[in-house]
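Structural overview for review
For reference, the chains in residue letters:
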2 protein chains.
Amino acid sequence: MEYQIYPIDVESDFSTYNIPFGVYKDDGSITCCTRIGGYIIDLHVCQEFGLFNDLHLPKQIFFNRLLNDFISLGKPTTSKVRNKIIELFVDEDGLKVHNDWPVEVLRNAENVTMILPIHIGDYTDFYSSKEHATNVGIMFRDPENALLPNWLHLPVGYHGRASSIVVSGTDIKRPQGQTFPGDSSIPVFGPTKQLDFELEMAFVVGKNSELGAPVSTQEAKDYIFGMMLFNDWSARDIQKWEYVPLGPFLAKNFASTISPWIVTLDALDNFKVPAPPREKPILSYLELEENYNFDIHLNVLIKTDDGTESCICHSNYKYMYWTMHQQLAHHTVNGCNVRIGDLMASGTISGKTENSYGSMLELAWKGTKPLTLDNGQKRTFIQDGDTVILKGWCGEGNRKVGFGPCEGKIIPY
Amino acid sequence: MEYQIYPIDVESDFSTYNIPFGVYKDDGSITCCTRIGGYIIDLHVCQEFGLFNDLHLPKQIFFNRLLNDFISLGKPTTSKVRNKIIELFVDEDGLKVHNDWPVEVLRNAENVTMILPIHIGDYTDFYSSKEHATNVGIMFRDPENALLPNWLHLPVGYHGRASSIVVSGTDIKRPQGQTFPGDSSIPVFGPTKQLDFELEMAFVVGKNSELGAPVSTQEAKDYIFGMMLFNDWSARDIQKWEYVPLGPFLAKNFASTISPWIVTLDALDNFKVPAPPREKPILSYLELEENYNFDIHLNVLIKTDDGTESCICHSNYKYMYWTMHQQLAHHTVNGCNVRIGDLMASGTISGKTENSYGSMLELAWKGTKPLTLDNGQKRTFIQDGDTVILKGWCGEGNRKVGFGPCEGKIIPY
């Protein structure tokens, strides 16, 4: 036989229908890659050996610690690369590798380190889950008027910090900051006592737009390369004291964690589901003919020091009220430009049921309903030593398209 | 005589005490430069000719469309370069140029175009003028409790958009957006009717910090390379509708304008003035032994289509309640990292008197007190065709250290 077949675990996020893009580090070399099953495919080695010759890519496009240059080739080209990878490596029984290819084409995924795969120019966070916005409104404002007046008319968003976005696996130091506890007459300083995660997804901008030139809802998909899991770590006590009138700042910018793989829209397009119906009429710049989300199952697990992993949240990206297309159209309607590698996060993704809430704030309802973990421990917020793991996937079995875990362990200040 | 002397206009922002850094474009070449009087000094030509040989700089460090690489050499080195420029080019009678140097060392400043001189990783906007925060509080909230409870305890700030920061001279398209006018029962879409400027200054981060490692108030000056003028264009009607609860977004991110020159802390250090006294005790991480501002005179002019320039604001950077050192220490106290080229803006700089307010919102008091320009025209906000010009300078005469204008013309949508 001229080639070898490597079977793919049926639970793998990386079926032959996925073919995500990332960047890995191994023995000092850093190159762009994809993954099938338990194996990293080194795209630089592939190109050097000539496997992509008929695509006429720029030389050494994958010899790069970032995917931005690759993404900037444009979707017609990046989709061709993805299709070529499928043509070369996919067999109905698994991952197929020709015997005469260099052994360096494949790496065991367990032996390499994935790094932050994009230069993020600007990072924006939206607030597009109606259930999350409603829960926060009930807890902090008025249960009778939980949603603020603008919420159903526009995708509320704000700018976040790009410098402190780290890749899955990076430890997160508990932030210190200024708070004003209810039992104090003056502000105090110290480590946050209300460290939270936020279950989010982010899309990666795949095309530059010009300053002054809005991107319409119809054009939006051409400007989106793919998606990642996103944990918008939050310090609720810092947030509460600082956020009026200009929004969250130090409560958020100490760190955000992204999963290492960018799953392309090409892969996600098979999992379209209609967006929830609009509850109020919207302005025409936010309308689009087919408004859809993706059916992405989302879980959050807390792993404690003793190794116990407890699943504390079952949510889904399909709950998003405002879709990516609407977010991008809104973001640019005033002429704001976007750049390749910009990250736009969804905001916390909560569903209707209590076990689908995407933050400790909601799950433990502001500390009033502690969660019980599988080892009997209680949690209202995240403790030192806890690892928070986000998981996300579409489909199942040999058609599963997953994101790989997005995890971070909290270390004491 | 072996050299030529070029006298310096006594009104010039670029006395021999300034020596700012910028990047200019001319005939297709783009290089780093400084300026004395009416002349650009091409630092790449200087280096190639050997004028900086004894500084042992990296080759072609000035052959660059950005100053980030130069700034990353560190302050000891960049200060030496500045001192060397003074040694080479400064004579008591003006700009001195040796006859045997290449003619390309000098360019007439009128014949070149200055470009955006830094890659801005993250841009943060503070809200550190007590007078401005008070004015806004009186107008939009409660005159009796104009300052929010947190304001005297921490430098309130939020993240802004880096992609849409443009250099002085770039036209600004009036943004469109969603507003909810008082005479409407539903939100409407269209060009902003309340386009405003904000008179601000920004500092440029000159040293990377690590994630998880705060920069103290005492260390802060080592992390600041220099300053620029900053116009944080704002659409007040869009802002009013969108900003709760997560802060300003599309009302700000359509454009911000910076002056083309970075004036170094080396130059500004001669103009230190004590910061205003603290009105409440502050937490120790915000304290510093010598808390100071710089005495930077600030003017705002509106130039109308007929060429009339009307000075509508006389302010000063010394009014800032929270200083740069406190802003940077606060920004990083939670472990947030900063990177070379990050921009941190002051927030609107208003003084106590009505002619010192740093925005149209305040100058025309929410539209209720129209300003009369020198040609008799009235303004409550900025009209299409208006050019807003910020000017800033320290000292006077042959010791004047100025920033060069920061200007932008509004063009209709």
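Below or above, wherever it landed, is the structure these notes cover. (Residues numbered from 1 in each chain as written. Chains lettered and ligands numbered in written order. Predicted model: local features only at pLDDT ≥ 70, side-chain atom pairs only at ≥ 80, totals over all residues. Heavy atoms only, no water.)

Let's talk about the packing of aromatic side chains
One pass over the full model with this rule turns up 32 aromatic pairs over all chains. Consider the rings of Tyr357 of chain A and Trp365 of chain A, whose centres lie 6.3 Å apart with planes at 40 degrees: the pair is tilted. A relative accessible area of 9% places Tyr357 of chain A in the buried class. For Trp365 of chain A, a relative accessible area of 21% puts it in the partly exposed group. Against the face of Trp322 of chain B rests Arg278 of chain B, its NZ or CZ located 5.4 Å from the ring centre. (Phe/Tyr/Trp six-rings, centres within 6.5 Å; stacked < 30°, edge-to-face > 60°. Buried < 20%, exposed > 50% of the residue type's maximum accessible area, 1.4 Å probe, protein only. Lys NZ or Arg CZ within 6 Å of the ring centre and 35° of its normal.)

Digging into the relation of the copies chain B and chain A
Overlaying chain B on chain A yields an RMSD of 0.0 Å, the required transformation being a rotation through 180 degrees with an accompanying axial translation of 0.0 Å. In short, the pair behaves as if placed about a two-fold rotation axis. When each C-alpha of chain B is compared by its distance to the rotation axis, Gly247 of chain B comes out closest, at 2.2 Å. When you check the interface residues of chain B against chain A, 100% turn up at the interface there too, and the contact is symmetric in its surfaces. (Least-squares fit on C-alpha atoms with pLDDT ≥ 70 in both. Contact = heavy atoms within 4.5 Å.)

As for the interface of chain B and chain A
In this assembly, 57 residues from chain B lie in contact with 57 residues from chain A. Summing both sides of the interface, chain B and chain A together bury roughly 5,400 Å²; the carbon and sulfur share of this comes to 61%. It is Arg161, Leu246 and Phe249 of chain B that lose the most area in chain B upon contact with chain A, and together they represent 15% of the buried surface on that side. Inspection of the chain B/chain A interface yields 4 salt bridges. Here Asp122 of chain B makes a salt bridge to Arg161 of chain A, at a shortest N to O gap of 3.5 Å. Across the contact surface, chain B and chain A share 26 residue pairs in polar contact (both at pLDDT 80 or more). The set of elements that each furnish at least two residues to the side of chain B that touches chain A consists of strand 9 (123-126), strand 10 (157-160), strand 13 (176-179), strand 14 (188-191), helix 5 (236-242) and helix 7 (324-332) of chain B. Top contributing element to the side of chain B that touches chain A by residue count: strand 10 of chain B, with 4 residues. (Buried area = accessible area lost by both parts, 1.4 Å probe. Salt bridge = Lys/Arg side-chain N within 4 Å of Asp/Glu carboxyl O. Polar contact = N/O pair within 3.5 Å; in protein donor to acceptor, adjacent residues only side chain to side chain. Helix = DSSP H or I, 4+ residues; strand = E, 2+ residues; numbered from the N terminus.)

Structural notes on the pairing of strand 13 of chain B
All names here are of chain B. The alternating pattern of strand 13 places Gln176 and Gln178 on one face and Gly177 and Thr179 on the opposite face, and all of these are buried. Pairing geometry for strand 13 and strand 14, over 4 bridges, is antiparallel. Pairing of Thr179 across the sheet is with Val188, part of strand 14. (Pairing = 2+ DSSP bridges.)

Re the environment of Thr257 of chain B
Residues and elements named next belong to chain B. The topology assignment puts Thr257 in strand 19 (residues 256-258). On the basis of relative accessibility, which here comes to 1%, the residue Thr257 falls in the buried class. Along the chain, Thr257 and Ser164 lie 93 residues apart, while their C-alpha atoms are 8.6 Å from each other. Not counting residues up to four positions away in its chain, the partners in contact with Thr257 are Val166, Val167, Ser168, Ile172, Leu229, Phe230, Asn231, Trp233, Cys406 and Glu407. In terms of polar contacts, Thr257 uses its side chain to reach the side chain of Trp233, at 2.7 Å.

Some thoughts on the side chain of Gln326 of chain B
All names here are of chain B. Turning to its location among the elements, Gln326 is positioned in helix 7. Taking relative accessible area as the criterion, Gln326 reaches 1% and is therefore assigned buried. Beyond its immediate stretch of four places on either side in the chain, Gln326 contacts Pro155, Thr217, Arg278, Ile282, Leu286, Leu288, Asn291 and Tyr321.

Here we look at the sheet that holds strand 3 (residues 29-36) of chain B
All names here are of chain B. Within the open sheet, the 5 strands sit side by side as 7-4-3-2-8. Their pairing is antiparallel. Either end of the sheet is taken by a strand with one partner, and the two such strands are strand 7 (106-108) and strand 8 (113-115). Strand-to-strand twist across the sheet, computed as the mean angle between neighbouring axes with direction ignored, equals 45 degrees. (Axes fitted to C-alpha atoms, helices over the stretch in contact; angles between N-to-C directions.)

Quick look at the state of the cysteines
Residues and elements named next belong to chain B. If you walk through the whole model with that rule in mind, you get 0 disulfides over all chains. Cys33 takes part in no disulfide bond, and the closest cysteine sulfur, belonging to Cys32, lies 7.4 Å away. Lacking any disulfide linkage, Cys406 is separated from the closest cysteine sulfur, that of Cys313, by 13 Å. (Disulfide = S-S within 2.5 Å.)

Structural notes on the pattern of salt bridges
Per the counting criterion, the structure on display carries 34 salt bridges over all chains. Notably, a salt bridge pairs Glu354 of chain B with Lys369 of chain B, separated by 3.8 Å at the nearest N-O pair. Placement of Glu354 of chain B in the loop between strand 25 (343-345) and helix 8 (360-363) and of Lys369 of chain B in the loop between helix 8 and strand 26 (371-372) is noted, with a sequence separation of 15 residues between them. Taking relative accessible area as the criterion, Glu354 of chain B reaches 52% and is therefore assigned exposed. What you see here is one network of salt bridges that share partners, running through Asp196, Glu198, Asp232, Arg236 and Lys252 of chain A.

Description of helix 7 (residues 324-332) of chain A
The buried fraction of helix 7 of chain A amounts to 9 of the 9 residues, a majority that puts the element mostly inside the structure. Taken residue by residue, helix 7 of chain A has Met324, His325, Gln326, Gln327, Leu328, Ala329, His330, His331 and Thr332 of chain A as its buried positions.

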